[in-house]
Amino acid sequence: MSTVTTSAQKTINTWPNYTYEDALAASEQVNWRVEDLIGGDKRLDFSKPFMPESLARVEALDFLSPRERLVLNQIRGHDYLYIFGLVEEFILPFVLDHARQKLQGNDARVRAFLNFAGEEAKHIDLFKRFRRDFLESFRTECEVIGPPEAVAQAVLSKHPLAVALVILHIEWMTQRHYLDSVARNQDLDPQFKSLLKHHWMEEAQHAKLDTLMVQAISDACSPAEREQAIDGYLEIGGVIDAGLMQQVKFDFESLKRATGRTFTTEEADRYFAVQQQATRWTFLGSGMSHKNFLATTELLNPGSAARLEGIAPMFS
Ligand SMILES: [Fe+2]
Ligand SMILES: [Fe+2]
């Protein structure tokens, strides 16, 4: 058993002490506006990368010129805008449904979840507006997976505890992206970096509220349902992975269109090997292996942290 699992099991054998009151107070302090981040003279700067290299992994593709690597980094930035917008489309109705189940008795709970939902609606708008700015300047078509409504329908058809785990994965993943790869990065386009920072500032509360949501849903479940929720989480991960692998193919075509470049078979093989894993790490591995996410799965079903830690390297 690896270190993370051992520490998760040893240090967190009870639910963390998050409260609705604390999450609500933090949320009210953050509270930024989309207009403060994009629009008017606030535009993306295409002379700079949008994504940190740990997520984009373009430098390993040494057969690409520096300019082509920069374009690929920006295409991956466009993916990030689109895919986050896409997942927020199923997070929003799920959180609203959860809030609605108990509208009396705990005002802080209701207000914290309504702020959570309002912030996710704002994030959908934020990602769309950044994407619009991107497409206005990039000018080459960037095909994307979806539509978001179909993905939302497929995900929301699963057991609520499995869906809540997927959402928890996404919330911790967002924080990891910012703290590990963006906060101290001085190379990124300032506007894109600002998007990642402001998103992280609100997701910090969401991760805690999601943990409370997972706890509340699991309290009403049997041990068998909790175990099955881990399977359900992995099934949804499989659906998302299939979509991501299609997105890598679309990105390859976008790169060819934007640069006019052709690839040898060896170069294309290398491209896919690197970019498939980069995309998997960005959206799957970095969430699945987050220590707080693993600790929650362990609380639901002992042995799950080790199980997921055994799977995560496929997405690294
Ligand atoms: Fe969000
Ligand atoms: Fe969120």
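First, a word on what this report is: a plain description of the structure on this page. The numbering scheme is per chain: residues are counted from 1 as the chain's sequence reads. Key to labels: chains lettered from A, ligands numbered from 1, both in the order written. A pLDDT threshold of at least 70 governs which residues receive local features in this predicted model, and a stricter bar of 80 or more applies before side-chain atom pairs are shown or counted, although totals over entire chains, interfaces and linings include all residues. Working from all heavy atoms in the structure, the side-chain values ignore hydrogens and water.

Here we come to the packing of helix α7 (residues 160–182) against helix α8 (residues 190–219). Taken N-terminus to C-terminus, the directions of α7 and α8 make an angle of 150 degrees; their axes are 8 Å apart at the nearest point. One element, α7, and the other, α8, form an angle in the roughly antiparallel class. Relative to α8, α7 is oriented so that their crossing is left-handed. Split into classes, the residues belonging to the contact of α7 with α8 amount to 16 nonpolar, six polar and five charged. Note on definitions: angles span 0 to 180 degrees between N-to-C directions of axes, and those axes are lines fitted to C-alpha atoms, for helices only across the stretch in contact. Labels follow the DSSP assignment, with helices taken as runs of H or I lasting at least four residues and strands as runs of E lasting at least two, numbered in each case from the N terminus. To sort the angles, those under 35 degrees are grouped as roughly parallel, those over 145 as roughly antiparallel, those from 65 to 115 as roughly perpendicular, and the leftovers as oblique. The crossing is said to be left-handed when, going from far helix to near helix, the turn is anticlockwise and less than a right angle, and right-handed when the turn is clockwise. Only Asp, Glu, Lys and Arg are considered charged, only Ala, Val, Leu, Ile, Met, Phe, Trp, Tyr, Cys and Pro nonpolar, and every remaining residue, Gly among them, polar.

Coordination partners: N, O, S within 2.8 Å of the metal, 3.2 Å for Na, K and Ca; water not considered, so apparent gaps in a site are possible. Looking at the iron ion (ligand 2), the protein donor atoms are Glu 120 (OE), Glu 171 (OE), Glu 203 (OE), Glu 203 (OE) and His 206 (ND1), and they sit 2.0 to 2.5 Å from it. Read in sequence order, the donor residues for the iron ion (ligand 2) give the motif E-x50-E-x31-E-x2-H.

Between helix α5 (residues 107–138) and α8, the shortest axis-to-axis distance is 10 Å and the interhelical angle comes to 150 degrees. One element, α5, and the other, α8, form an angle in the roughly antiparallel class. Between α5 and α8 the crossing geometry is left-handed. The residues of α8 that touch α5, namely those facing Ala 112, Phe 113, Phe 116, Glu 119, Glu 120, Lys 122, His 123, Leu 126, Phe 127 and Phe 130, are Gln 191, Phe 192, Leu 195, His 199, Glu 202, Glu 203, His 206, Leu 209, Asp 210 and Met 213. For the contact of α5 with α8, a count of residues per class yields 10 nonpolar, four polar and six charged. Whether two residues touch is decided by their heavy atoms; if any such pair falls within 4.5 Å, the residues are in contact.

All quantities given are derived from atomic positions and should not be read as evidence of function.
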